[in-house]
Amino acid sequence: MARKFLLTSFDYVRPKDPNISLASSSIMAYLKTAFDSKETSKTLSLHCRQYNVKNAALEKLSARVMQDIKELKPDIIATGVPKYIVLGGPQITYNLKGTLEKFYPYGDFFIRGDTDAGSKSIYNLSELPSPLLTPGLVGHSGFVRWETKRGCPFECAFCQHKDSYEKRLKCSPSRITDEQTWIVQNQIKDISIVDPIFNSGGQEEYLQTLNGFLKFGYTGRLNMQARFEMIKAPFLQLCSQLQENGVQVELEFGIQTIIKKESQVIRRMNNLKAVVKSANELHARSIPFEVSLIYGLPEQTLDSFRSSLEWVKTFVKPTVIRAWPLMLLKGTSLYDMKNVYNLREKMLDEDLEELDKSRQYKGIPHVVESSSFTETEWDQMKSVALSINSENLNP
Ligand code: SF4
């Protein structure tokens, strides 16, 4: 009898998300391709379950997982009481070497880095099978998260991406073209590109991707994260052409702070002149864009947060402004500097989702105090942030 392999994932699932996350579908595509065509398919059957952590009480979630395990009786569970448990994902990747057994005593195997690449040295994302093109994997209702490359060339101190240009993985032009064809044929009308910075890592390639959407006649929403300083005229021209062809282009930019001292600590310097120049060009072309800031940064004060916000409102004038509270993520350099800036974290127990439906706060530790601000001042920053976020939600 075939041994059963169960891939479980614990995701924050938003209402329009496909039935399986991009990460899980990439892993399943790899496994299906590796095992379906071989003898092993007779000895290994593949299963996948996604659990939504949004507002889920731990007891309820555990009960659901246990029920699925009892029903399926898998031999191997890969996740994030069977024979082997394989753990992967950011929580595993960014824990220090030698500490995984302490944090995850029930894990038998750990995979750091791209789980769908396994232990192989992958240089081209196209060496991995496409989750969209692997039959029967992705069920959707018109929305997909899509990737053309992984990794980010920047090293912001609060962010878990630290890949450098050398470690970036790219999809080949042919895989991108095939997936765009699939997207149009399957009448997808809403795409979030998950590349950390879409307009980076080879202008020719990302312009070709945008051209592909024109060529295949895509119409629908196209959301991308971009960097102001890297905006070039051909990129803007293509965004305009896409808009003329009925594509709802949406760009997102992270500025985080405009204060030099704070920027230096978080290693996120902005060239403010270039930011304003690109913002003006976007306005001239009526291309909508969102800007986000962070509050609770080391060296930040209530006044400096307000200054960043006012500067963005006055000089950048984005369609939408967001401000998010700082979280300390394992493996980041800010996490290691916690004591230098006396960063104190607190598990938020209030449900702020009434005001902000796109993020979860409850049960997640956030920095609420540092050498430069008190918790009372952080509360005030939070109120300012929630008021601008709710303004955006109700334009
Ligand atoms: S915050 Fe954005 S720009 Fe900075 S390292 Fe992370 S993905 Fe890259």
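Check the entry above for the structure.
Residues numbered from 1 in each chain as written. Predicted model: local features only at pLDDT ≥ 70, side-chain atom pairs only at ≥ 80, totals over all residues.

A. Seen up close, the overall build of the protein. Across its full length, the protein carries 12 helices and 15 strands. Across the 395 residues that make up the protein, the buried fraction comes to 32%. (Helix = DSSP H or I, 4+ residues; strand = E, 2+ residues; numbered from the N terminus. Buried ≥ 20, exposed ≤ 12 C-beta atoms within 10 Å, placed from the backbone.)

B. A look at the sheet that holds strand 6 (residues 143-146). Spatial strand order, 6-9-10-11-12-13: six strands in an open sheet with parallel pairing. Here the strands that pair on one side only, and so sit at the sheet edges, are strand 6 and strand 13 (320-325). The average angle at which neighbouring strand axes cross in this sheet is 20°, direction not considered. Of the pairings in the sheet, the one linking strand 9 (residues 190-193) to strand 10 (residues 221-225) comprises three bridges and is parallel in character. Bridge pairing in strand 10 places Ile191 opposite Leu222. Across the sheet, helix 10 (residues 302-316) is in contact with strand 11 (248-256), strand 12 (289-295) and strand 13; its angle to strand 12 comes to roughly 170°. (Pairing = 2+ DSSP bridges. Axes fitted to C-alpha atoms, helices over the stretch in contact; angles between N-to-C directions. Contact = placed C-beta atoms within 7 Å.)

C. Molecular detail of the pairing of strand 10. With respect to chirality, the unit in which strand 9 leads through helix 6 (residues 203-215) into the neighbouring parallel strand 10 is right-handed. Bridging between strand 10 and strand 11 involves five bridges; their strand directions are parallel. Bridged to Gln225 within strand 11 is Glu252. Since strand 10 and strand 11 lie parallel, the crossover through helix 7 (residues 233-244) that links them has a hand, and here it is right-handed. (Right-handed = clockwise from strand over helix to strand, strands pointing away.)

D. Region of interest: the nonpolar core. Ranked by internal contacts, the top residues of the largest apolar core, which has 56 residues, are Leu242 and Tyr295. Per element, the largest residue contribution to this core is five residues, and it comes from strand 12. Those residues within four positions of Leu242 in sequence are excluded, and the remaining contacts are Leu210, Phe213, Leu214, Leu222, Val247 and Val249. Counting 13 residues, the second-largest nonpolar core is a separate cluster that includes Tyr30, Leu31, Ile77 and Leu137. (Core = buried A, V, L, I, M, F, W, Y, C linked by C-beta atoms within 7 Å.)

E. Inspection of the site of the ligand at higher detail. Surrounding the ligand, one finds Cys152, Phe154, Glu155, Cys156, Cys159, His161, Pro196, Ile197 and Gly254. Here the shell around the ligand is composed, by residue class, of six nonpolar, two polar and one charged. (Near = placed C-beta within 6 Å. Nonpolar A, V, L, I, M, F, W, Y, C, P; charged D, E, K, R; others polar.)

F. Just the packing of helix 6 against helix 7, in detail. Axis separation between helix 6 and helix 7 bottoms out at 10 Å; the angle between their running directions is 15°. Between helix 6 and helix 7, the angle is such that the two are roughly parallel. As helix 6 packs across helix 7, the resulting crossing turns out to be left-handed. Where helix 6 approaches helix 7, its residues Leu207, Leu210, Asn211, Phe213 and Leu214 are matched on the opposing element by Pro234, Phe235, Leu238, Gln241 and Leu242. Looking at the contact of helix 6 with helix 7, its residues break down into eight nonpolar, two polar and no charged. (Parallel < 35°, antiparallel > 145°, perpendicular 65-115°, else oblique. Left-handed = near helix turned anticlockwise from the far one by under 90°.)

G. Just the environment of Ala274, in detail. If you trace the backbone, Ala274 turns up in helix 9 (residues 272-284). C-beta crowding within 10 Å serves as the criterion here: with 14 such atoms nearby, Ala274 is assigned to the partly exposed category. It is 8.8 Å that separates the C-alpha atoms of Ala274 and Met230, two residues lying 44 residues apart in sequence. Here Ala274 is in contact with Phe228 and Glu229, once residues within four sequence places are set aside.

H. Main features of the packing of helix 5 (residues 173-185) against helix 6. Direction vectors running N to C along helix 5 and helix 6 enclose 25°, while the axes themselves pass 10 Å from each other. The angle between the axes of helix 5 and helix 6 places the two elements in the roughly parallel class. As helix 5 packs across helix 6, the resulting crossing turns out to be right-handed. Contact residues: helix 5 offers Pro173, Ile176, Thr177 and Gln180, while helix 6 offers Gln208, Thr209, Gly212 and Phe213.

I. Spatial organisation of helix 9. Between the first and last C-alpha of helix 9 there are 18 Å, a value that for 13 residues agrees with the 18 Å anticipated at 1.5 Å per step. Buried within helix 9 are the following residues: Val275, Ser278, Ala279 and Leu282. What you see down the axis of helix 9 is that its buried residues fit within an arc of 105°, all on one side. Across from the buried face of helix 9, at angles greater than 90 degrees, the exposed residues are Lys273 and Ala284. (Expected span 1.5 Å × (residues − 1). Arc of directions from axis to C-beta.)

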